[in-house]
Every structure is written in C-alpha cells, then in structure tokens.
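Okay, here's what each chain looks like letter by letter:
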Amino acid sequence: MPGRGALIVLEGCDRVGKTTQASKLLEKLQHRGIPTQLLKFPDRSTSTGQIINSYLTRKMDLPDKTVHLLFSANRWESEPQMKKLLNSGVTLIVDRYSHSGVAFSAAKNEMSIHWCYQPEIGLPKPDLVLFLTLNETAISKRSGFGDERYENSEFLKKVASNFQRLKDDAWKIIDADKDIETLNKELLLHVEKVIESVKDTHLSYFDPIAMNNL
Ligand code: NYM
Ligand code: MG
C-alpha cells in the first residue's frame, strides 16, 4: 500500500510568492517520483469560479455573505476529487484554501470569523499550512497590486491579523524574504517530512471544535 497523499496548503497575503512556490514544489515532487497535483482556490474555471471572478474583477456586485458562501462552494466543488486523490496516494499542493476564505471575508466586518468558518466544516483539513510572511518594506519592492477587489494595504492589514487567529499545529510560519530557490528548498524540507509522516494516517476534516475559541 502506498498510503495516502498529504494535503499541503500555501497561505499568506498577496504578493508573498505563494503561486511561484506552489508550482516549484509541484515540479520538484514530481521529479522525485512523488505523485503530486496542484490546486488553486479560487478555481476560476468552474461555474462558481466564474461568478467569483466577475465579482473580484468588479463586473458584478454581490452581498458579502453570498460571495463568502460562493468561495466555500468553490472548494466544495473540488472536495470529492480531492478526497479521491489524497486517498489514492496523491499529494496535493494547494494555493490558498479555507484560511483565505475566512481571513478575507472576516476582514469586511460584516461576518465574524466564527460565522465564516462554518461552511468550511467537513472539508479535508490540511496536514501542513505553509504560511508565507513578508514585511512591509519587502512587499513594497514587489510588483504592485492589480485592480481586483481586496487589493489595498488597509484591507490586507485586517486580513493579516485574521490569519494570525487561525493558526494551529499544522502551521509553519515562513519568512519569505529570500530568493525563490532558497525559499523553495526550505519549504521542500517541511513538505517531504509531512508526506512521510501522514502516509499511514487517516485524512482529517475541519471540525466545529477547532473554532470554539474564535
Ligand atoms: N479569496 C480567496 C477570498 O476572498 N476567499 C477565498 O476563499 C479565497 C480562496 O480572492 N485577494 C481572495 C484572496 C484574493 C482573491 O485570489 C483572489 P488569487 O489567489 O489572487 O487568485
Ligand atoms: Mg490575486
């Protein structure tokens, strides 16, 4: 039995390098013969993803709670496939997941963190969350924001403080202020360790207890 694959999530604020690091991890793991797939949320290619895209690019207005639930539904669309892949031994590298869902929506002050977490209950829980951080100076040196909703420093400060409240034992806080390759090597060490350690364990799920203290 090859055992199950690991669910590995890259999280953090905008422009910290999540997408670059996720695809490099995929490349390296596949090169080592470890079955791996890359997922990204929001997945803008699905039916819910297209509405989310219209919302983010300001082509459509939607009430805050509606958008929140759409982001969650966008993950639930992938859930059957994620479970199938993980249980058949495929490791998943995921670029943003439920933590972005909760941290971004709760930054709007319309919904509590607790409320935002509810629709995530039952989704597969990550074995490892690589939370990339960058200080303000380092971020300001990277290329600028686009024109999507949420892309402003004031809002992202609130998002960053929400992320801090979601941390649990599965999180590794990583200083991303280093060159791409050095950072990727550091992430790979954590990833390989987790792939090995979860092989013979059951997948776990977000549960109501985890959020009792929020
Ligand atoms: N975002 C992402 C949410 O607000 N909720 C979610 O559940 C997820 C997964 O969407 N600013 C936000 C974070 C980003 C925006 O993501 C688009 P990306 O990674 O830029 O495509
Ligand atoms: Mg973006």
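Residues numbered from 1 in each chain as written. Chains lettered and ligands numbered in written order. Predicted model: local features only at pLDDT ≥ 70, side-chain atom pairs only at ≥ 80, totals over all residues. Heavy atoms only, no water.

Right, let's get into the site of ligand 1. Surrounding ligand 1, one finds 13 residues, the nearest of these being Lys40, Arg44, Arg75, Arg96 and Gly101. Within the side chain of Lys40, one N or O atom sits 2.6 Å away from an oxygen atom of ligand 1. One of the side-chain N or O atoms of Arg75 is found 2.8 Å from an oxygen atom in ligand 1. In the complex, 93% of the free accessible area of ligand 1, which totals 480 Å², lies under the protein chains. (Near = heavy atom within 4 Å. Polar contact = N/O pair within 3.5 Å; in protein donor to acceptor, adjacent residues only side chain to side chain. Areas by Shrake-Rupley, 256 points an atom, 1.4 Å probe, with all protein chains shown as cover.)

Scanning the entire structure with this criterion turns up 15 salt bridges. Across the pair Arg4 and Asp127 runs a salt bridge whose closest N-O atoms are separated by 2.9 Å. Taken together, the residues Arg4 in the segment before strand S1 (7-12) and Asp127 in the loop between helix H5 (113-117) and strand S4 (128-133) connect sequence positions 123 residues apart. Just as Arg4 is buried, Asp127 falls in that class too. Among the ionic pairs, Lys199 bridges to Glu196, the shortest N-O distance being 3.0 Å. The exposure class of Lys199 is partly exposed, given its relative accessible area of 28%. Residues joined by salt bridges that share partners form a network here, namely Lys24, Lys28 and Glu181. (Salt bridge = Lys/Arg side-chain N within 4 Å of Asp/Glu carboxyl O. Helix = DSSP H or I, 4+ residues; strand = E, 2+ residues; numbered from the N terminus. Buried < 20%, exposed > 50% of the residue type's maximum accessible area, 1.4 Å probe, protein only.)

Turning our eyes to something else, we now look at the UniProt feature "domain: Thymidylate kinase-like" (unreviewed entry) in the protein. Feature annotation in UniProt places "domain: Thymidylate kinase-like" (unreviewed entry) on residues 10-186, given in this structure's numbering. Summarising residues 10-186: 50% helix, 14% strand, and an end-to-end C-alpha distance of 13 Å. (UniProt positions renumbered as here; feature names shortened; annotations may be inferred.)

Moving on: the pairing of S1. Here S1 lies mainly inside the structure; six of its six residues are buried. Of the two faces of S1, the one lined by Leu7, Val9 and Glu11 and the one lined by Ile8, Leu10 and Gly12 are each fully buried. Sheet topology note: the S1/strand S3 (residues 91-95) ladder contains four bridges and is parallel. Residue pairing in the sheet places Val9 in a bridge with Val94 of S3. As defined by bridge partners, S1 adjoins S4 across five bridges and the pair is classed as parallel. In the strand pairing of S4, Ile8 is matched with Leu128. (Pairing = 2+ DSSP bridges.)

What follows concerns the nonpolar core. Within the largest apolar cluster, 39 residues are counted, with the highest numbers of intra-cluster contacts made by Leu92, Val94, Tyr97, Tyr150, Val159 and Phe163. Secondary structure elements with two or more residues in this core: S1, helix H2 (47-56), helix H3 (64-87), S3, helix H4 (98-106), H5, S4 and helix H7 (153-166). If one sorts the elements of this core by residue count, H3 sits on top with six residues. Excluding residues that lie within four positions of it along the chain, Tyr150 makes contacts with Tyr55, Leu56, Val67, Phe71, Phe104, Lys108, Phe155 and Leu156. Counting residues in hydrophobic clusters, the runner-up holds 23 residues, among them Ile8, Leu130, Leu132 and Val191. (Core = buried A, V, L, I, M, F, W, Y, C linked by side-chain atoms within 4.5 Å. Contact = heavy atoms within 4.5 Å.)

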